[in-house]
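Coordinate inspection notes
As a plain string of letters, each chain reads:
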Amino acid sequence: MIAEPSVAPRAATEPPDPLRTEFRFLLPRGYVDDEGMVHRDGVMRLATARDEITPMRDPRVRENEAYLSVILLSRVITRLGTLPGINPGIIEGLFASDLAFLQDLYRRINQEGTSQAAVTCPACQHEFTVEMGGGSPGGS
C-alpha cells in the first residue's frame, strides 16, 4: 500500500495565498543611460502567454532566435531605475552579465515558479530561504 502525503486542509476562513506576479531585482552592474546615470533596481512581472507568442512574429526573432529574449525581457520588465519605459533598445544596451542575470530570473519565475532558493549555512547548518532575484538592496 502506498501512503499519500499528508496535507493540512486549509480552514474555510483562511484566505488563499495571493499569487505573486511582480518580482523586484537589483542588476549586478546596471544599465547606463545616455546621461551616464546607472539604473540597477527594477521590477519584472510574470509573463503571459501573449508575451511568449507575440515576439515569434517579429522579423528580428525570425532572423535571429537569440533576439527572442531581448523582446521578452522588454515586455515583462515593468520598471528599471527611473527610466520612463522599457524597450528592446534598452535591453540591447545592458551589460552581458545583467542580461544573463535577467534571463535567469525570467526562467526561474516563469518556468520554476519561484525566485527563492533553500540554503543551508555551512557553519551552523541553519536552513533558510533567500530571494534570488535581489528582492533587497544588494541581493542578486
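From a predicted model like this one, the values you see are computed outputs, not experimental measurements. (Residues numbered from 1 in each chain as written. Predicted model: local features only at pLDDT ≥ 70, side-chain atom pairs only at ≥ 80, totals over all residues. Heavy atoms only, no water.)

Helix and strand counts for the chain come out as five helices and five strands. Starting at the N terminus and ending at the C terminus, the chain contains elements arranged as β-β-α-α-α-β-α-α-β-β. A total of 140 residues make up the chain; the buried ones form 31% of that total. Sequence separation of 24 or more characterises 51% of the internal contacts of the chain that already satisfy a separation of 6 or more. Carbon and sulfur atoms form 55% of the exposed surface of the chain, whose accessible area is close to 9,400 Å². (Helix = DSSP H or I, 4+ residues; strand = E, 2+ residues; numbered from the N terminus. Buried < 20%, exposed > 50% of the residue type's maximum accessible area, 1.4 Å probe, protein only. Contact = heavy atoms within 4.5 Å. Areas by Shrake-Rupley, 256 points an atom, 1.4 Å probe, with all protein chains shown as cover.)

For the rest of this paragraph, the subject is the confidence of the model for the chain. Across the chain, pLDDT averages 83, with 74% of residues at or above 70. Confidence scores differ between elements of the chain, with strand S4 (residues 116–120) showing the lowest mean pLDDT of 62 and strand S3 (residues 77–80) the highest of 98. Of the regions scoring below 50 in pLDDT, residues 134–140 engages in 13 contacts with residues more than four places distant in sequence or in other chains. (pLDDT = per-residue confidence, 0-100.)

Let's shift gears to the nonpolar core. Counting 24 residues, the largest nonpolar core has Phe25, Met44, Ile77, Leu80 and Leu102 as the members making the most contacts within it. When contributions to this core are tallied by element, the ones reaching two or more residues are strand S1 (22–32), helix H3 (67–76), S3, helix H4 (88–92) and helix H5 (96–112). The biggest single contributor to this core is H3, with six residues. Residues contacting leucine 102, with those up to four places away along its chain left out, are Phe25, Leu27, Met44, Leu73, Ile77 and Leu94. (Core = buried A, V, L, I, M, F, W, Y, C linked by side-chain atoms within 4.5 Å.)

We now examine the pattern of salt bridges. For the structure on display, the rule yields six salt bridges. The partner of arginine 75 in a salt bridge is aspartate 51, with the nearest N and O atoms 3.0 Å apart. Pair noted here: arginine 75 is in helix H3 and aspartate 51 is in helix H1 (residues 49–53), with a separation of 24 residues, a long-range link. Among the residues examined, arginine 75 registers a relative accessible area of 29% and is labelled partly exposed. Between aspartate 104 and arginine 108 there is a salt bridge, with the nearest N and O atoms lying 2.8 Å from each other. Of the two residues, aspartate 104 and arginine 108 are both situated in helix H5; the distance of four residues between them amounts to about one turn of the helix. Given a relative accessible area of 28%, aspartate 104 falls into the partly exposed group. (Salt bridge = Lys/Arg side-chain N within 4 Å of Asp/Glu carboxyl O.)

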